[in-house]
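# Remarks on the overall topology
Below, each chain spelled out in residue letters.
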Amino acid sequence: MSTVKWAAWICWPIFCTALAPAALADCKLLQIAELPVSVVHNQPLIDAQINDQPVKVLVDTGAAYSFLWEDQARQLRLPLQQVTGFHLYGIDGEARALATQVKRLQIGSFTFKDMSLTVIGTDRRPHSKGSASALVLGEDFFAKFTTEFDLAHGVIRLLKPEDCKPEQLAYWGKAYSLADLDRTNEGYPSIEANVLVNGQHVVAVLDSGATTSHISQAAADRAGFTPAPSGVAAVDKSTGIAGKAVQVRVGTFNNFAIGDEVVRNVKLRIADLFGRDKVQDTGSNLARPLDDLPSMLIGCDFFISHHIMVLFKEHKLLFTYNGGPIFQTIEPNAPPPDETANAAGKPPQAADNH
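These notes cover the structure that comes with them. (Residues numbered from 1 in each chain as written. Predicted model: local features only at pLDDT ≥ 70, side-chain atom pairs only at ≥ 80, totals over all residues. Heavy atoms only, no water.)

This paragraph deals with the overall build of the protein. Scanning the protein from terminus to terminus reveals four helices and 27 strands. Here the protein holds 354 residues, and the buried ones make up 53% of them. By sequence separation, contacts in the protein at least 24 residues apart represent 69% of the contacts at least 6 residues apart. Carbon and sulfur atoms make up 48% of the accessible area of the protein, which totals about 15700 Å². (Helix = DSSP H or I, 4+ residues; strand = E, 2+ residues; numbered from the N terminus. Buried < 20%, exposed > 50% of the residue type's maximum accessible area, 1.4 Å probe, protein only. Contact = heavy atoms within 4.5 Å. Areas by Shrake-Rupley, 256 points an atom, 1.4 Å probe, with all protein chains shown as cover.)

Mapped onto the elements, D207 comes out in the loop between strand 17 (200–206) and strand 18 (214–216). Separated by 3.0 Å, the side chain of D207 and the backbone nitrogen of G209 make a polar contact. (Polar contact = N/O pair within 3.5 Å; in protein donor to acceptor, adjacent residues only side chain to side chain.)

Considering the arrangement of structural elements, one finds S190 in the loop between strand 15 (177–180) and strand 16 (192–197). Overall, the relative accessible area of 10% leaves S190 in the buried class. Separated by 3.0 Å, the side chains of S190 and E192 make a polar contact.

Further remarks concern unusual backbone geometry. Only a minority of non-glycine residues have a phi that is not negative, and only a minority of peptide bonds are not trans. Positioned with a positive phi, N51 is a non-glycine residue whose angle comes to about 50 degrees. Relative to the elements of secondary structure, N51 occurs in the loop between strand 4 (43–50) and strand 5 (53–59). The exposure class assigned to N51 is partly exposed, which follows from its relative accessible area of 25%. Notably, N265 is not glycine yet its phi reads approximately 55 degrees, a positive angle.

Attention now goes to the state of the cysteines. This model, assessed by the stated rule, comprises one disulfide. Covalent S-S linkage joins C27 and C164, the inter-sulfur distance amounting to 2.4 Å. On the sign convention where negative is left-handed, the bridge of C27 and C164, at about 95 degrees about the S-S bond, is right-handed. Pair noted here: C27 is in strand 2 (residues 27–36) and C164 is in the loop between strand 14 (155–162) and strand 15, with a separation of 137 residues, a long-range link. (Disulfide = S-S within 2.5 Å.)

Once that is clear, we can look at the pattern of salt bridges. Within this structure, the stated rule accounts for six salt bridges. Note that R104 and D52 form a salt bridge whose closest N and O atoms lie 3.1 Å from each other. Taken together, the residues R104 in strand 10 (residues 97–107) and D52 in the loop between strand 4 and strand 5 connect sequence positions 52 residues apart. When the shortest N-O distance is used, the salt bridge between E70 and R74 registers 2.9 Å. Placement of both E70 and R74 in helix 1 (residues 70–75) is noted, with a separation of four residues, approximately one turn of the helix. Its relative accessible area of 7% is what places E70 among the buried residues. Salt bridges here are not isolated pairs; linked through shared partners, they connect E34, E148 and R157. (Salt bridge = Lys/Arg side-chain N within 4 Å of Asp/Glu carboxyl O.)

This paragraph deals with the nonpolar core. In terms of nonpolar packing, the biggest core is built from 67 residues, with L158, V195 and M296 touching the most fellow members. Considering every element that reaches this core, the biggest residue donor is strand 11 (residues 110–120), with five residues. Setting aside residues up to four positions removed in sequence, V195 forms contacts with Q200, H201, V202, A204, F256, A257, I258, M296 and I298. (Core = buried A, V, L, I, M, F, W, Y, C linked by side-chain atoms within 4.5 Å.)

Aromatic rings in a pair are described by how distant their centres are and how their planes are angled relative to each other. One pass over the structure, following the stated rule, counts 15 aromatic pairs. Between F67 and W69, the ring centres sit 5.3 Å apart and the planes meet at 85 degrees, which makes this aromatic pair edge-to-face. For the pair formed by F67 and W69, the shared burial category is buried. For the ring pair F302 and F319, a centre distance of 6.1 Å and an interplane angle of 55 degrees mean the geometry is tilted. In this pair, F302 sits in helix 4 (residues 300–304) while F319 sits in strand 27 (residues 316–321), placing the two residues 17 residues apart along the sequence. Each member of the pair, F302 as well as F319, carries the same accessibility label: buried. Every member of this aromatic cluster is reached through a ring pair, and the members are F110, F112, F141, F142, F145, F149 and F303. (Phe/Tyr/Trp six-rings, centres within 6.5 Å; stacked < 30°, edge-to-face > 60°.)

Below, the structure is given as structure tokens:
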């Protein structure tokens, strides 16, 4: 899981690929690319090549910028340079940053040449069993498109609507939910929505790189929750890009709402998500918390349980509940406890808005 908020070195070239038209009512939905995805321990992974060597790519919409892991960069024999002047933060604090040059990157039908990429230090890199990725593909890539996440069927589609209203684009079925997305700084793209937890407004980021969803301790306290009974929660930590563990507990909330989807009796992982993310201003001896950080990460558990289309430029989110657990309280690569990973109950059927 990672939410990278500050500048990073990356340069995506202009995209020029054939478009496949698909007729929809009064609009056209052009498909730019379809990327096969495998989900391993709640990590969406794409096969790619860096300098003609096969690598795994983690799809991480919670990362504002794409980056390579240092240990993988060294295995690929990429040149590394020290950099100054910018910072990279995740849920567990600041990570060490380097930079490199990639001669050729192949992702699906996309080919990028002579790219500058940020490299994240891996002194304490969080490893997930059997799914270590070399490259993290962030929202700087996906924000260029209307992006459809159909992880339950192993595919991500990069789309370009023409003369379409958002409600015309849920082609996969008549039932769907619609939510507004917050306008974010174009320099730090993120998929942010204002959700309700026990009726309290909470700023949430849709973060496919987070294996499970989390709410901050402060937001949980503000909304009010019922702590899990002693011994029920089988997990006690989460880890971000800095590789430092953050303590986690589980609480039950009466309801959670995003757009017109409402889920009741929700169990969520609670953590001090960004308590370690601080910056020291020039001329000051005191570190202060970063501004504009989210209070909730809506993770890959939500992506798997929904068919999602992100209209980044239109600030809209379309989604349909697939079935299965929405929010998991046990990390998917952890040993299974006596009781299976808890989840919110099924949401009511979304209204037919057509």
